[in-house]
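Survey of secondary and tertiary structure
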Amino acid sequence: LWPIQGQQTYGDKAPCTAAYVDSAPFFDLVTRMEGCGVATRWPHHSQLWRSLASKDWVPQLCAAPKYHIPLTTRVPKSLILVDPYRASGLALDALRRLQAQRRSEADGYAYPRHSDWPAGGPERCVAKLGFSYEGVDVRMVDGQSGLA
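Residues numbered from 1 in each chain as written. Predicted model: local features only at pLDDT ≥ 70, side-chain atom pairs only at ≥ 80, totals over all residues. Heavy atoms only, no water.

1. Focus: the overall build of the protein
- In terms of helices and strands, the protein carries six helices and four strands.
- Counted from the first residue to the last, the protein has its helices and strands arranged as β-β-α-α-α-α-α-β-β-α.
- In the protein, which comprises 148 residues, the proportion classed as buried is 28%.
- Surface accessibility of the protein: about 10,000 Å² in total, with carbon and sulfur atoms responsible for 58%. (Helix = DSSP H or I, 4+ residues; strand = E, 2+ residues; numbered from the N terminus. Buried < 20%, exposed > 50% of the residue type's maximum accessible area, 1.4 Å probe, protein only. Areas by Shrake-Rupley, 256 points an atom, 1.4 Å probe, with all protein chains shown as cover.)

2. Concerning helix H5 (residues 84-104)
- The terminal C-alpha atoms of H5 lie 30 Å apart, and with 21 residues this matches the ideal 30 Å at 1.5 Å per residue to within 8%.
- Taken as a whole, H5 has its buried residues at Ala 87, Ser 88, Gly 89, Ala 91, Leu 92, Ala 94, Leu 95, Gln 99 and Arg 102.
- Residues of H5 that are buried sit in contact with helix H4 (77-82), strand S3 (124-128) and helix H6 (143-147). (Expected span 1.5 Å × (residues − 1). Contact = heavy atoms within 4.5 Å.)

3. Comments concerning a nonpolar patch on the surface
- Among the surface-exposed residues, Leu 48, Leu 52, Trp 57, Leu 61 and Tyr 67 lie close enough to one another that they form a single nonpolar patch of about 420 Å² accessible area.
- Going through the elements one at a time, helix H2 (46-54) and helix H3 (57-61) are the ones with two or more residues in the nonpolar patch.
- Structurally, Tyr 67 is set in the loop between H3 and H4.
- With a relative accessible area of 42%, Tyr 67 lands in the partly exposed category. (Patch = residues over 30% accessible without salt bridge, like charges linked within 9 Å, V, L, I, M, F, W, Y side chains within 5 Å. Salt bridge = Lys/Arg side-chain N within 4 Å of Asp/Glu carboxyl O.)

4. What about helix H1 (residues 23-35)?
- With 13 residues, H1 extends 18 Å between its outermost C-alpha atoms, agreeing within 8% with the 18 Å of an ideal straight helix rising 1.5 Å per residue.
- Regarding H1, the residues found buried are Ser 23, Phe 26, Phe 27 and Val 30. In an axial view of H1, the angular spread of the buried residues amounts to 90°, which keeps them on one side of the axis. Turned more than 90 degrees off the buried face of H1, the exposed positions are Ala 24 and Gly 35.
- Against strand S1 (2-4), strand S2 (20-22) and H2 lie the buried residues of H1.
- Of the residues trailing H1, Gly 37 is marked for its positive phi of about 100°. (Arc of directions from axis to C-beta.)

5. Description of the side chain of Ser 88
- One can find Ser 88 in helix H5.
- Among the polar contacts listed, one links the side chain of Ser 88 to the backbone oxygen of Gln 144, at a separation of 3.2 Å.
- If we ignore the near neighbours within four places in the chain, the residues touching Ser 88 are Gln 144, Leu 147 and Ala 148. (Polar contact = N/O pair within 3.5 Å; in protein donor to acceptor, adjacent residues only side chain to side chain.)

6. Looking at unusual backbone geometry
- Here Lys 55, not a glycine, exhibits a phi torsion of approximately 65°, which is positive.
- A positive phi angle is found at His 68, which is not glycine, with a value near 55°.
- For His 68, the location among the structural elements is in the loop between H3 and H4.
- With a relative accessible area of 57%, His 68 lands in the exposed category.

7. Comments concerning the packing of H1 against H2
- Closest axis-to-axis distance for the H1/H2 pair is 10 Å, and the angle between their directions is 165°. Taken together, the axis directions place H1 and H2 in an arrangement best described as roughly antiparallel. Crossing geometry of H1 relative to H2 is assigned as right-handed. Seen from H1, the contacting residues are Phe 26, Phe 27, Val 30, Thr 31 and Glu 34; seen from H2, they are Ser 46, Gln 47, Trp 49 and Arg 50.
- In terms of residue class, the contact of H1 with H2 is built from four nonpolar, three polar and two charged. (Axes fitted to C-alpha atoms, helices over the stretch in contact; angles between N-to-C directions. Parallel < 35°, antiparallel > 145°, perpendicular 65-115°, else oblique. Left-handed = near helix turned anticlockwise from the far one by under 90°. Nonpolar A, V, L, I, M, F, W, Y, C, P; charged D, E, K, R; others polar.)

Here it is as C-alpha cells:
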C-alpha cells in the first residue's frame, strides 16, 4: 500500500491509482496496530515511514549545510486551494528568507554555487507534493505565476 494525500493521482504516467490509500486513515490504522503489539517493520516503523513518505524531513534538515539538502519550505494545502497565487508568493518569500539566513550564517561554508536566485531574475524552483512517489507530482517551475 502507498499512502497518499487524498486526491492525488499517478500524474501523467497512468490513470490508475492501484494500491494508493489516503495517508491519514492508513497511518491511524498502522499506529493502532502497533499499539496492539503488531510491529511495523517494512519499510520502517510507522513514525519514520510517515516522515519519509510525507517528505517532512526535508524542510527540517535543509538549513543544516552538512546534509546538502536544497532549501525547502512547506505550504498548507488549504492556502493553495483558497489562493494559489498568494500561496506561491508566501512560499517564495520563505525561501528568500532562508537564502538570506544561510548567507549570513555561512561561517566559511561554501554552499552550492549559484543556488541563490539572482536579484530581479525569475525564481527557479521545484514543487513537490508530499506522499508522492517515483517522481510523480514533481514540477520544475519559474517564478510566482509558474509556482501558482
